[in-house]
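Letter by letter, the chains look like this.
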2 protein chains.
Amino acid sequence: MTAPKIRSPRKPKGQGAERREEILDAALKLFSAKGLHTVSTRQIAEVVGISQPALYAYFATKDDITAELCIRAFAILVERMEAARADFVPTAECFERALKVYVDFGLQNPDAYRVAFMVEKGLDGTYKERVGDRPMMAGIGAFQRFAEIVAEMRDAGLTHDDDVQRMTQTLWAGLHGLVSLLIARADFPWVEREVLIACHISLLRRGALKNMG
Amino acid sequence: MTAPKIRSPRKPKGQGAERREEILDAALKLFSAKGLHTVSTRQIAEVVGISQPALYAYFATKDDITAELCIRAFAILVERMEAARADFVPTAECFERALKVYVDFGLQNPDAYRVAFMVEKGLDGTYKERVGDRPMMAGIGAFQRFAEIVAEMRDAGLTHDDDVQRMTQTLWAGLHGLVSLLIARADFPWVEREVLIACHISLLRRGALKNMG
DNA sequence: CACAATAATCGATCAGTGATAACTTATCAC
DNA sequence: GTGATAAGTTATCACTGATCGATTATTGTG
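The model shown is predicted, which means the values in this text are computed figures rather than measured ones.

Student: Is there a simple way to think about the nonpolar core in this case?
Tutor: Note that soluble globular proteins tend to have their nonpolar side chains buried in a common cluster. Core analysis: the biggest nonpolar cluster contains 147 residues, and A:I44, A:F74, A:F117, A:L171, B:I44, B:F74 and B:L171 have the highest contact counts within it. Leave out the neighbours within four places in its chain, and B:F74 touches B:F105, B:A112, B:A116, B:F117, B:A138, B:G139 and B:A142.

Student: Could you clarify how one ought to interpret the interface of chain B and chain A in this entry?
Tutor: When the parts come together, some accessible area is lost, and that loss is often what is quoted as the size of the interface. Across the boundary between the two partners, chain B contributes 55 residues, which contact 55 residues of chain A. In this assembly, chain B packs against chain A so that about 4,600 Å² is buried in total across both faces, 65% of it on carbon and sulfur atoms. Taken together, the connections running from chain B to chain A amount to zero salt bridges. Across the chain B-chain A interface, the total number found is 13 residue pairs in polar contact (both at pLDDT 80 or more).

Student: So what exactly am I meant to see when it comes to the protein's contact with DNA strand C here?
Tutor: Close to DNA strand C lie 27 residues, the nearest being A:K13, A:S51, A:Y58, B:T41 and B:Y56. What you see for DNA strand C is that sugar and phosphate hold 55% of its atoms within 4 Å of the protein. B:S40 is positioned with one of its side-chain polar atoms (N or O) 3.2 Å from a phosphate oxygen of DNA strand C. Between B:Y56 and DNA strand C, the recorded distance is 2.5 Å, taken from a side-chain N or O atom to a phosphate oxygen. Taken together, the elements giving at least two residues each to the surface near DNA strand C come down to α1 (16–34) of chain A together with α2 (41–48) of chain B. Counted by class, the surface near DNA strand C contains nine nonpolar, eight polar and ten charged residues.

Student: Would you mind going over the packing of aromatic side chains with me for this structure?
Tutor: To describe a pair of aromatic rings, one takes the distance between the centres and the angle between the planes. Under the criterion given, the structure shown has 20 aromatic pairs over all chains. A connected cluster of aromatic rings, assembled from ring pairs, spans A:F74, A:Y102, A:F105, A:Y113, A:F117, A:F143, A:W172, B:F188 and B:W190.

Student: What should I look at first to understand helix α5 (residues 110–118) of chain A in this one?
Tutor: Residues that lie three or four places apart on an α-helix share one face, since the helix turns once every 3.6 residues. In terms of residue burial, α5(A) counts as a mostly covered element, since eight of its nine residues are buried. Buried within α5(A) are the following residues: A:D111, A:A112, A:Y113, A:R114, A:V115, A:A116, A:F117 and A:M118.

Student: Looking at this structure, how should I read the protein's contact with DNA strand D?
Tutor: Near DNA strand D there are 26 residues, and of these A:R10, A:Y56, B:K13, B:R19 and B:Y58 occur at the shortest range. A:R10 places a polar side-chain atom, nitrogen or oxygen, 2.5 Å from a base oxygen of DNA strand D. With respect to DNA strand D, the side chain of A:R42 contributes an N or O atom lying 2.8 Å from a base nitrogen. Within the residue set of the surface near DNA strand D, elements represented by two or more residues are α2 (41–48) of chain A together with α1 (16–34) of chain B. A class-by-class count of the residues in the surface near DNA strand D yields nine nonpolar, eight polar and nine charged.

Student: What exactly am I supposed to notice about the pattern of salt bridges here?
Tutor: Oppositely charged side chains can form a pair if their charged atoms are brought close together. Inspection of the entire model under this criterion finds 29 salt bridges over all chains. Ionic pairing is found between A:R85 and A:E148, a salt bridge with its closest N-O pair at 3.1 Å. Here A:R85, found in helix α3 (residues 62–86), pairs with A:E148, found in helix α7 (residues 134–155); they are 63 residues apart in sequence, far enough to count as distant. The partner of B:D111 in a salt bridge is B:R114, and the shortest N-O contact between them spans 3.3 Å. With B:D111 and B:R114 both in helix α5 (residues 110–118), this residue pair falls three residues apart, about one helical turn. In terms of burial, B:D111 and B:R114 fall into one category: buried. Through salt bridges with shared partners, one network takes in A:K11, A:E18, A:R19 and A:E22.

Cut-offs used in this document
Residue indices follow the written sequence of each chain, beginning from 1 at its first position. Throughout, the order in which chains and ligands are written sets their labels, letters from A for the former and numbers from 1 for the latter. Per-residue local features are limited, in this predicted model, to residues with pLDDT of at least 70; the limit for side-chain atom pairs, both in listing and counting, is 80 or more; totals at the level of whole chains, interfaces and linings are taken over all residues. Only heavy atoms go into the side-chain values, all of them from the structure, while hydrogens and water stay out. What makes a nonpolar core is a set of buried Ala, Val, Leu, Ile, Met, Phe, Trp, Tyr and Cys residues whose side-chain atoms join them at distances within 4.5 Å. Note on classification: 1.4 Å probe, protein chains only; a residue is buried when its accessible area is under 20% of the maximum for its type, exposed when over 50%, partly exposed between these limits. The contact definition used throughout considers only heavy atoms, calling two residues in contact when any of these lie within 4.5 Å. Summed over both partners, the accessible area (1.4 Å probe) lost when two parts come together is defined as the buried area. Salt bridge, as used here: a side-chain nitrogen of Lys or Arg that lies within 4 Å of a carboxyl oxygen of Asp or Glu. Pairs of N or O atoms are called polar contacts if they sit within 3.5 Å, as long as, within protein, a hydrogen donor faces a hydrogen acceptor (for residues adjacent in sequence, only side-chain-to-side-chain pairs). For this purpose, a residue is taken to be near a molecule or strand whenever a single non-hydrogen atom of the residue falls within 4 Å of it. Runs of H or I in DSSP of at least four residues are treated as helices and runs of E of at least two as strands, each being numbered from the N terminus. Gly falls in the polar group here, along with every residue not listed as nonpolar (Ala, Val, Leu, Ile, Met, Phe, Trp, Tyr, Cys, Pro) or charged (Asp, Glu, Lys, Arg). We call Phe, Tyr and Trp rings a pair once their centres come within 6.5 Å, taking the six-membered ring for Trp, and we label the pair stacked below 30 degrees between planes, edge-to-face above 60, and tilted otherwise.

Structure (structure tokens):
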């Protein structure tokens, strides 16, 4: 009658890291399907095929699982930003392409994006004390790659504002707004998504770059 | 030894609505201090001076409390947007002022803003089933006032894009990005806040409006 | 092969959570 | 006074993240 718990076979002695990966995989899938706050550690453990306390051999807290997922996703974003920067030439077209890299990443990795930038961290700093600011640092890593691209545009004399930090923060905020709203409010009556993204990016470009006669 | 629970005197018979207000007040204060997910119904009840189950005489669920707070805050935003529209003339300066109304509101009501646009609602739609989309509708109400302002700018032939919905969504996303990041990532090494806001708003204005000779 | 070491894992349990049920108490109209 | 009932209580439930101590299973070594 009662659901028979299917247990994954115990890992060989040095292979604990493998289980760790399985936990992260299961967590990511569950978070994608049901949202972050509605997924329990017991649900994660059941998908993996281990007992709930077994999770704590690999992660100190539940937040550490989400933090790890976030860090990994941002490693990918950093890669993409570096790729975008590798064949970057300071033109408006190339600049827009770089902005699109960020948006595409967010929409392709909505769960990682949520963890990194949209999750309540608790204003009392509880979260930070536990997992540190490694997830945010990972995000900032991507942010810095983005700043380098903005710097190239400024060096070419194309930006409207000479302060790279300020300009990057503004652009980042502009991109984040669209990504986070499309993720969090998917049921809002948006105009067609790709059109909206294109419009948004060119608005940001017009705002950021000098108006070349 | 153990903390003596201080109980608020029972309300007279018709005065239940008064207790309801006290609950909302307590919840708002606690949410502001500790963040949404870390505040429990028991903590709210203790501040009010009643037992925890007594809350459920006034709100069906905890989410209903946050939803109510959100709706009320957005009523204020709608007021402010209407005020901004009342003495609105289609100029770049006035347009920027309207954008600033939104940003200021978000930063002055961070908790309401969080509930309305930044809280995980659960991808399975659990949240919506419970509290409905009244909080979002309240937010959309404000959005529509904003759209009216954009429409005035377009009618004056000042906007870069003729599609009001598209343009409003883009601008909204741009504003939301800044507000939400400043709220959720207060510890990020931002440049000076007021400067950043001013820069952001003028970037959006340049992107949105035609470049007048 | 036997054996100790230990990585991997489990069952039991804890305090705290949101929520419900059944009950009591104060207040009101008559 | 006497019901009716709004306002509030205590006890409890299923569930949550987390901890403890015990128990496997695997491993390199004698």
